[in-house]
Amino acid sequence: MFPFAPSAPRHRRARFRAAGAAALALGLAAATGCSGGGSGSSDDTVKIGLVASLSGTYEPVGTELRDGFKLYLDTHGNKLGGRKVELIVADEGDGPPTAVPAATKLVKKDKVDVLTGLVGGGSVNAVLPLTQQAKIPFLGSNARPPVKDIEYVWTTSFLSDEPGKAIAPYIKEKVDGPVYAIGPDYQGGHDELRGFTDEFKRVKGKLANPDGKTTWTPFPKTTNFMPYFAEIAKTDAKAVYCFYAGKAAIDFAKQYAQSDIADLPLYTAFVTEGSVLQAQGPAAKDIYSVLNYAADLDNEANRKFAADWTAEHETQPTTYAMASYDAAAVLDKAIADAAKDGDVTSQTINKAIAGLGQIDSPRGAWEFGDKAHSPVQTWYLRQVRPDGSKLANVMVQDLATLGS
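Residues numbered from 1 in each chain as written. Predicted model: local features only at pLDDT ≥ 70, side-chain atom pairs only at ≥ 80, totals over all residues. Heavy atoms only, no water.

Looking at an unreviewed UniProt entry, the protein chain carries the name ABC transporter substrate-binding protein, with the source organism given as Streptomyces sindenensis. As recorded by UniProt, the Sequence similarities (unreviewed entry) comment attached to the protein chain reads in full: "Belongs to the leucine-binding protein family." (UniProt positions renumbered as here; feature names shortened; annotations may be inferred.)

The next subject is helix α5 (residues 162-174). With 13 residues, α5 extends 19 Å from end C-alpha to end C-alpha; this agrees with the ideal 18 Å at 1.5 Å per step. The sharpest bend along α5 reaches about 35 degrees and sits at Ala168, with the proline Pro169 one to four residues further on. (Helix = DSSP H or I, 4+ residues; strand = E, 2+ residues; numbered from the N terminus. Expected span 1.5 Å × (residues − 1). Bend = angle between axes of the 7 residues up to and from the residue.)

For the rest of this paragraph, the subject is the pairing of strand β11 (residues 288-291). Taking every second residue as pointing to the same face, both faces of β11 are buried, with Tyr288 and Val290 on one and Ser289 and Leu291 on the other. Here strand β10 (residues 266-269) runs beside β11; their pairing, made up of 2 bridges, is parallel. Looking across to β11, one finds that Tyr267 is bridged to Tyr288. Both β11 and strand β13 (residues 375-387) contribute to a ladder of 4 bridges, which runs antiparallel. Across the sheet, the residue bridging to Ser289 is Arg382, located in β13. (Buried < 20%, exposed > 50% of the residue type's maximum accessible area, 1.4 Å probe, protein only. Pairing = 2+ DSSP bridges.)

With respect to the helices and strands, the residue Ser157 is situated in the loop between β6 (153-155) and α5. Side-chain polar atoms of Ser157 contact the backbone oxygen of Asn142, separated by 2.5 Å. Setting aside its immediate chain neighbours within four residues, Ser157 contacts Gly140, Ser141, Asn142, Ala143, Asn292, Ala323, Arg363, Pro375 and Gln377. (Polar contact = N/O pair within 3.5 Å; in protein donor to acceptor, adjacent residues only side chain to side chain. Contact = heavy atoms within 4.5 Å.)

The subject of this paragraph is the packing of aromatic side chains. Overall, the coordinates contain 24 aromatic pairs when judged by the stated rule. Ring plane angle 20 degrees and centroid distance 4.3 Å describe the contact between Tyr186 and Phe219, whose orientation is recorded as stacked. Of the two residues, Tyr186 sits in the loop between β7 (179-185) and α6 (187-202) while Phe219 sits in the loop between β8 (215-218) and α7 (226-233), which places them 33 residues apart along the sequence. Overall, the relative accessible area of 21% leaves Phe219 in the partly exposed class. An aromatic cluster is present here, built from Tyr72, Tyr293, Phe305, Trp309 and Tyr325 joined pairwise through their rings. (Phe/Tyr/Trp six-rings, centres within 6.5 Å; stacked < 30°, edge-to-face > 60°.)

A separate point is empty space enclosed by the protein. Under the counting rule described, the total for this entry stands at 3 cavities of 30 Å³ or more. Classifying every residue of the lining of the largest cavity gives 10 nonpolar, 5 polar and 1 charged. In this structure, the second largest cavity spans a volume of roughly 40 Å³. In this structure, the second largest cavity is lined by Pro184, Thr217, Pro218, Phe219, Pro220, Thr222, Phe225, Tyr244 and Ala248. Of the residues that constitute the lining of the second largest cavity, the class distribution is 7 nonpolar, 2 polar and no charged. (1 Å grid on protein atoms, 1.4 Å probe; cavity = no way out; pocket = protein on both sides within 12 Å on 5 of 7 lines; lining within 4 Å. Points joined across faces, edges and corners; volume = space filled by probe spheres on them. Nonpolar A, V, L, I, M, F, W, Y, C, P; charged D, E, K, R; others polar.)

Right, let's get into the pairing of strand β9 (residues 239-243). Where burial is concerned, most of β9 is hidden: 5 out of the 5 residues are buried. Every second residue of β9 is oriented toward a common face, with Ala239, Tyr241 and Phe243 on one face and Val240 and Cys242 on the other, all of them buried. In terms of strand pairing, β7 meets β9 through 4 bridges, oriented parallel. Residue pairing across strands places Ile182 opposite Cys242, the latter belonging to β9. Judged from the 4 bridges that link them, β9 and β10 form a sheet pairing that is parallel. In the strand pairing of β10, Phe243 is matched with Ala269. Regarding topology, helix α8 (residues 246-256) serves as the crossover connection from β9 to the parallel β10, and that connection is right-handed. (Right-handed = clockwise from strand over helix to strand, strands pointing away.)

Within a sheet, neighbouring strands are paired by backbone hydrogen bonds and run either parallel or antiparallel to one another. If you walk across this open sheet you meet the 6 strands as β2-β3-β1-β4-β5-β6, and the pairing is mixed. Each end of this open sheet is capped by a strand with a single partner; those strands are β2 (79-80) and β6. Bridge count between β2 and strand β3 (residues 83-91): 2 bridges; the pairing is antiparallel. Among the inter-strand pairings, Leu80 is bridged to a residue of β3, identified as Arg83. Where helix α2 (residues 59-74) meets the sheet, its contacts fall on β1 (45-52), β2, β3 and β4 (114-117), and the angle it forms with β1 comes to roughly 160 degrees. (Axes fitted to C-alpha atoms, helices over the stretch in contact; angles between N-to-C directions.)

Moving on to the packing of α2 against helix α10 (residues 300-313). Put simply, α2 and α10 touch, their axes get as near as 11 Å, and they point 110 degrees apart. Classified by the interaxial angle, the pair formed by α2 and α10 is roughly perpendicular. The way α2 lies across α10 gives a crossing that is right-handed. On the side of α2, the interface is formed by Glu64, Asp67, Gly68, Leu71 and Asp74, while α10 contributes Phe305, Asp308, Trp309, Glu312 and His313. Taken together, the residues of the contact of α2 with α10 break down into 3 nonpolar, 2 polar and 5 charged. (Parallel < 35°, antiparallel > 145°, perpendicular 65-115°, else oblique. Left-handed = near helix turned anticlockwise from the far one by under 90°.)

Now for unusual backbone geometry. In this structure, Pro220 follows Phe219 across a cis peptide bond, with omega equal to 5 degrees. Note that Pro220 resides in the loop between β8 and α7. In this model, Leu118 sits at a positive phi of 70 degrees, which is unusual for a non-glycine residue. Secondary-structure assignment places Leu118 in the loop between β4 and α4 (121-134). Positive phi outside glycine occurs at Asp286, with the angle close to 80 degrees. By secondary structure assignment, the location of Asp286 is in the loop between α9 (276-280) and β11.

Spelled out as C-alpha cells, the structure:
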C-alpha cells in the first residue's frame, strides 16, 4: 500500500518556461522534408500522426491525449531520439465514422512514420487495418481492445478489460452483497464491463442486475441517467460499478448524487478522471475509481511530469495525459535506438520499440508484455477527497499488477 504522501506535489509551481515558446516550436515543427510512411528522412525529421477526440462526448479525454504528447515534446526541444518532430493532429470525434477518415489522411496523404492516440476501442479496431497494411507502428495511448495481429500494435495505456479486472476482487471483499453493473453500449464499454463482471463472478461475487448481466445505456445519446438509477433502487444492490468518461461521466456523477441510490458506494473506472472532476464538483466526493495512475504518486518521474503539466495547465495531470506523455517517451527511446542501427523508418522504429525493456514513467516503472504489447503495470485504488481547497483523486492503495 502506498500512503497518501504529504510530500507529493501540490502542482502550484512557478512557470519556468518562456510563455508560448514551446507551443510555437511544436506548431511550426519542420514543415519541410517529411519522412513519410517509413521511408526515412533526408533532414532527420520524423512525422508523427496523433488522432484523438477533439470534439464530441470524449473531447476532454482526447484533448488531454494531445496535450500529454505535446508536453513531452515541449520539454524535450521538440525532438524525439535526437530527431526533429513534425506532429500532425487529427480529430477522432465520437468514433469510427470520423476516426477512419482522419487516420486515412495521416497514413496515405501525410505519410506519417508513426500513428498514436485514439480514445475509443471501436476507433482502434477500425483504424488498425490502415496502419497494418502500411506497416506503420500504432502506439495507442488509451484503452485498447484485444487484437490478433500485434506486430505493429502497441499501447502505453492498458487493455480495455483491465481496470474492471483489477478492482473486482477488492469490491467483492469490501461490499457485503450484490453489485449493480452499468456502462455505455459500445466497444469500450463492453470490454471494460466484461473485465469487471467476468472477474467478479470468478471471485464468487453476485450482480444485482435482475438478469445477471450488465445494464447498457445507449451511446453517445444518453444524458439522463435518472431512469436507470430508479431501476437500480428497486434491486438489492449494495454498491454500483460503472464505466463512463468525458461528458457522460459528468452527467452520471451529478445525477447519481441526486438520485435515490446516492447512499450506495460508487466504484468506477474513469468517471472522476480529468477535467470532468471540476465540473462534477461536490457530487464526486467519495467516489472510488481504479486506474493505472494517480497524480499524487510520489516518484521522481511523476514529480517532474506533474510540475511540468501544472505549469501549463494549472490542473492535476491525468492518466490520459500520462499515457500519451509516455507514448512520446517510448518513441524518444525507440527512435534513438533505431538511429544507432541505421535509418530511422517505421519498420526500424517498430523493431526498436520491441526491444526497449523498462520505461521510467510517472505511474511507476513498466514494460511492454510480449503477449499483447501492453504495459505490465500496477493498478491503483483512488478516492475523491479534499486536497487543500479542491477535490482530487487521492491514491488509497495498490490493487494488482496486470499486463501481457
